[in-house]
Amino acid sequence: MLDIQYVLVGAVSLLILLLIIVQGRKDQNQNERKKYFDYLIGVTVIFCLIDIFWGLVVSGTILSSDWIVFATTLFYFSATVVAFALLVFVIAYSGYKLKYRRFVYLVLVIPLVIETALLFYNFSSGAIFYVGTDRRYTRGIDSFVKTLYVLDYIYFFVAFIISICAFTKFKKENRKLSYSIVLFCLIPIVTGFLQLLYPNIPYYSIGYMLSCFSIFIFEVVRERERFSRELLRHQQKDILDACSNVLYRNSVPDETINTLIGLLANYYIADRVLLFQLTDDKKGIKAESEWLANGVDSIADEIESIPSSIVEMLVGYCYNDGEYYLNVTEKTTFKTAFFRLFVQQNKIKNIQVVPLIAEGQIIGMIEIENSKEYLHDITIAKTVSFLIYSELLRKRRMEQEKAASGAVIEALAVEYASVFHIDVKDDMLTPYRLDERMKKMYGYNLKKKLKYEKAYRYYINHLITDELDRIEMLEFCSKESLMHLLHDRTYITKKYKITTDTGYEYYEAKIVKVKGDDDVVNSIVIGIENIDEKIKAQQLEEKNKMIQQKKLESAMEEVETIIYEGQFDKLTGIYNKTSGTEIMHKYLNAKDDGIYYVLLFIDLDKFKYINDNFGHLEGDDILSKVGSVIKSNCRVGDIAVRFGGDEFLVMLKNISDVSLAKKKADLIATEITRISYGKEYSSTCSIGGFITNTRDLEKSMENADKALYEVKNKGRNGIKIVADEVV
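In this text the structure is predicted, and so the values were computed from the model without any measurement.

### Considering the side chain of Lys-664
- Secondary-structure assignment places Lys-664 in helix 21 (residues 658–674).
- Put simply, Lys-664 is tucked away with no salt bridge, and the nearest opposite charge, on Asp-638, sits 5.6 Å away.
- Here the side chain of Lys-664 touches Asn-633 through a polar contact of 3.0 Å, landing on its backbone oxygen.
- Residue contacts for Lys-664: discarding those within four places in its chain leaves Asn-633, Leu-652 and Ile-655.

### Concerning the sheet that holds strand 18 (residues 719–723)
- Taken in spatial order, the 5 strands of this open sheet run 15-16-14-17-18, and their pairing is mixed. Either end of the sheet is taken by a strand with one partner, and the two such strands are strand 15 (639–644) and strand 18. Each strand axis lies, on average, 15° off the axis of its neighbour in the sheet, ignoring direction.
- Examined bridge by bridge, strand 14 (residues 597–604) and strand 16 (residues 647–653) share 7 bridges and lie antiparallel to one another. Opposite Tyr-597, over in strand 16, you have Lys-653 as the bridge partner.
- Of the strands in this sheet, strand 14, strand 15, strand 16, strand 17 (685–692) and strand 18 touch helix 22 (residues 697–713), which is tilted by about 140° from strand 17.

### Describing the sheet that holds strand 13 (residues 521–530)
- With antiparallel pairing, 6 strands are arranged side by side in an open sheet as 10-9-8-13-12-11. Of all the strands in the sheet, the pair left with one neighbour each is strand 10 (450–451) and strand 11 (491–500).
- Relative to strand 13, strand 8 (residues 418–423) runs antiparallel, the two being bridged by 6 bridges. Each bridged residue has a counterpart across the sheet, and for Ser-418 the counterpart in strand 13 is Ile-528.
- Relative to strand 13, helix 12 (residues 379–415) is tilted by about 10°, and along the sheet it contacts strand 8, strand 9 (428–433), strand 12 (503–515) and strand 13.

### Some words on the nonpolar core
- Grouped together as the largest cluster of nonpolar side chains are 29 residues, with contacts concentrated most on Leu-600, Ile-602, Leu-604, Val-626, Ile-630, Phe-648 and Ile-672.
- Aside from chain neighbours lying at most four places away, what touches Leu-604 is Ile-622, Leu-623, Val-626, Asp-646, Phe-648, Ile-672, Thr-684 and Cys-685.

### Re the packing of helix 19 (residues 607–614) against helix 20 (residues 616–633)
- Between helix 19 and helix 20, whose axes approach to 6 Å, the crossing angle comes to 140°. Put simply, helix 19 runs oblique to helix 20. Of helix 20, the residues touching helix 19 (which contributes Phe-607, Ile-610, Asn-611 and Phe-614) are His-616, Glu-618, Gly-619, Ile-622 and Leu-623.

### Comments concerning the confidence of the model for the protein chain
- Here the protein chain averages 77 in pLDDT, and 79% of its residues register 70 or above.
- Averaged pLDDT values for the elements of the protein chain fall to 56 in strand 1 (residues 129–131) and rise to 94 in strand 17.
- A low-confidence stretch, residues 26–30 stays under pLDDT 50, and its non-local contacts, those more than four residues away or across chains, total 11 contacts.

### Here we look at the environment of Ile-306
- With respect to the helices and strands, Ile-306 occurs in the loop between helix 9 (300–303) and helix 10 (308–321).
- The buried category is assigned to Ile-306, whose relative accessible area is 13%.
- With 33 residues separating them in the primary sequence, Ile-306 and Phe-339 have C-alpha atoms 8.3 Å apart.
- Aside from chain neighbours lying at most four places away, what touches Ile-306 is Ile-285, Val-311, Phe-338 and Phe-342.

Here is what the cut-offs are and how they apply
Residues numbered from 1 in each chain as written. Predicted model: local features only at pLDDT ≥ 70, side-chain atom pairs only at ≥ 80, totals over all residues. Heavy atoms only, no water. Helix = DSSP H or I, 4+ residues; strand = E, 2+ residues; numbered from the N terminus. Buried < 20%, exposed > 50% of the residue type's maximum accessible area, 1.4 Å probe, protein only. Lys, Arg positive; Asp, Glu negative; His and termini not counted. Salt bridge = Lys/Arg side-chain N within 4 Å of Asp/Glu carboxyl O. Polar contact = N/O pair within 3.5 Å; in protein donor to acceptor, adjacent residues only side chain to side chain. Contact = heavy atoms within 4.5 Å. Pairing = 2+ DSSP bridges. Axes fitted to C-alpha atoms, helices over the stretch in contact; angles between N-to-C directions. Core = buried A, V, L, I, M, F, W, Y, C linked by side-chain atoms within 4.5 Å. Parallel < 35°, antiparallel > 145°, perpendicular 65-115°, else oblique. pLDDT = per-residue confidence, 0-100.

This is the structure in structure tokens:
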């Protein structure tokens with residue numbers, strides 16, 4: 001009976017192990033752990049086959065009794081080999097890194113070597129087990145058999161300790177290791193002990209079979225979990241890819257938000273998904289968007305009447321837990337009667353609420369109702385909520401940009417007949433107001449979007465025929481060029497000409513940039529106005545002004561000439577007698593008593609002879625040059641006067657020294673003499689001077705005149721300077 005039990009248990013174990021192999025091949029991926037498990041299964045299958053073989057031989061079913069000792073030896077040896085293989089599997093499966101691994105394996109081989117030696121010893125002595133006289137299997141020295149079991153136990157206990165150490169280490173490192181690794185080592189310890197106590201029952205085979213089966217069950221469960229996680233990752237990836245595609249289309253924010261909410265509803269298989277924003281006081285809500293499954297009624301209007309207490313409750317849960325979840329059952333208690341009635345009337349079975357957070361503050365929420373998948377899993381909901389929040393920001397920014405652009409458009413519409421808006425992001429031009437010429441060019445469809453560069457080039461090429469003007473205007477043909485021109489300016493104004501049937505007309509374009517809150521230019525507004533009449537009126541006005549200006553300048557020149565001729569001698573360019581002596585009188589009356597001056601009388605020698613013999617033109621030329629000589633030798637403040645005919649009167653201020661006065665007079669005389677160089681006559685002069693500080697001009701002139709006549713009486717061409725007695 002003993003042997004039949006071993007045969008049956010071995011056969012059942014083999015069948016179960018084969019099922020494990022088949023199922024494992026179907027469910028598990030080929031990884032390192034799978035390979036180690038396959039090796040262990042292979043060794044265990046061999047042991048089960050040997051177990052069956054041993055049972056059949058001992059029972060006499062196959063072969064003769066002479067094979068019993070061989071079959072028993074093979075059974076004990078294979079049992080130890082499987083125990084050793086189990087230990088190696090535990091070390092490899094757990095990933096536990098042993099120091100001096102080769103040395104450890106060498107030590108662990110020792111029990112296998114000892115058992116092998118005992119089995120060889122049994123062949124020669126038959127002390128451990130043998131075939132009795134009844135031709136049946138008989139155990140000899142019982143202690144030897146127990147020794148064989150103890151050697152196997154060494155492997156079991158070492159494997160069990162390693163599995164405990166590995167499991168503890170992995171837990172500290174927050175890494176996962178299946179509980180089966182511990183159970184796998186524990187089962188052979190128990191079944192091996194039972195085998196020792198009850199040798200008639202094949203606990204050894206049962207233990208190995210249960211060990212492999214336990215780890216297989218855990219591996220299958222883990223594979224199922226891995227498959228579920230993988231499926232979840234794929235579904236999450238699919239919805240995130242779908243969200244990315246929605247954002248990539250860059251639709252209007254409302255459309256994008258509705259699409260994202262629809263994707264969220266499909267992911268959770270929900271009946272209703274509602275997006276609402278909180279009021280500024282965080283006590284009320286306003287529905288922003290709603291997605292509904294077929295046959296589900298809207299609650300967008302109804303939800304805005306929710307009491308502030310419920311809103312504050314939801315906000316509190318979201319602040320504390322990051323979400324709010326409610327699974328409605330018969331035992332569910334509600335905070336308020338209104339909330340219970342609201343849930344019942346709308347047939348709500350479960351609610352998940354995730355917040356929209358901006359700068360640490362909750363500004364809105366997404367409510368998912370009656371979801372049938374991924375309850376309590378808000379990962380995707382939070383991700384999509386962030387995308388929705390970004391779209392809400394974009395919507396608000398676009399509204400602000402639209403308001404800013406609208407203000408600029410309205411302002412330009414007051415002055416300009418045609419107004420255009422350029423969206424910098426998509427490079428689209430939208431006409432908001434058109435004059436008759438523009439209507440003929442672009443049609444009457446206002447707010448119809450056009451590609452800016454294409455529309456602008458069409459405008460320039462059809463209306464501007466002058467090549468230089470066209471090249472200049474093409475500077476504005478792209479948004480990049482406009483942005484460059486507006487880099488450090490708020491607006492620019494450009495005047496240009498367009499060709500008409502009768503010639504050309506003047507136009508003016510005003511280009512204004514519009515910035516958003518982030519100080520980034522988002523749009524450009526252009527106003528265009530026909531200023532032909534204005535320009536031509538300005539040109540006519542400027543022409544009239546020029547005519548009037550020329551008349552005024554001519555009159556002024558005449559006045560200046562009259563004034564000049566009244567003060568200055570026209571021929572010499574110095575003061576005439578009347579104005580010159582008047583100026584001298586004014587100076588003498590205003591000067592201090594201690595200030596001296598020299599008054600020079602200059603008379604050209606034999607000037608009448610030159611006039612009579614060489615003509616008045618030659619005489620006038622000499623007088624003009626003498627005037628230039630006298631002016632060039634006068635300092636600032638000195639006064640030169642043509643006193644009459646060929647006589648000149650010069651007042652040199654701030655001179656009290658006779659020698660200095662004579663030196664100045666000598667310079668004048670020398671330069672006058674040079675006038676006649678190369679001529680048939682000589683141009684000399686006589687100079688008489690008087691140094692004084694008196695205010696009496698007539699006295700000074702009288703004394704200077706006396707000095708002059710003394711020079712003339714001595715033969716002319718000389719200089720005499722006298723000083724007042726005071727000097």
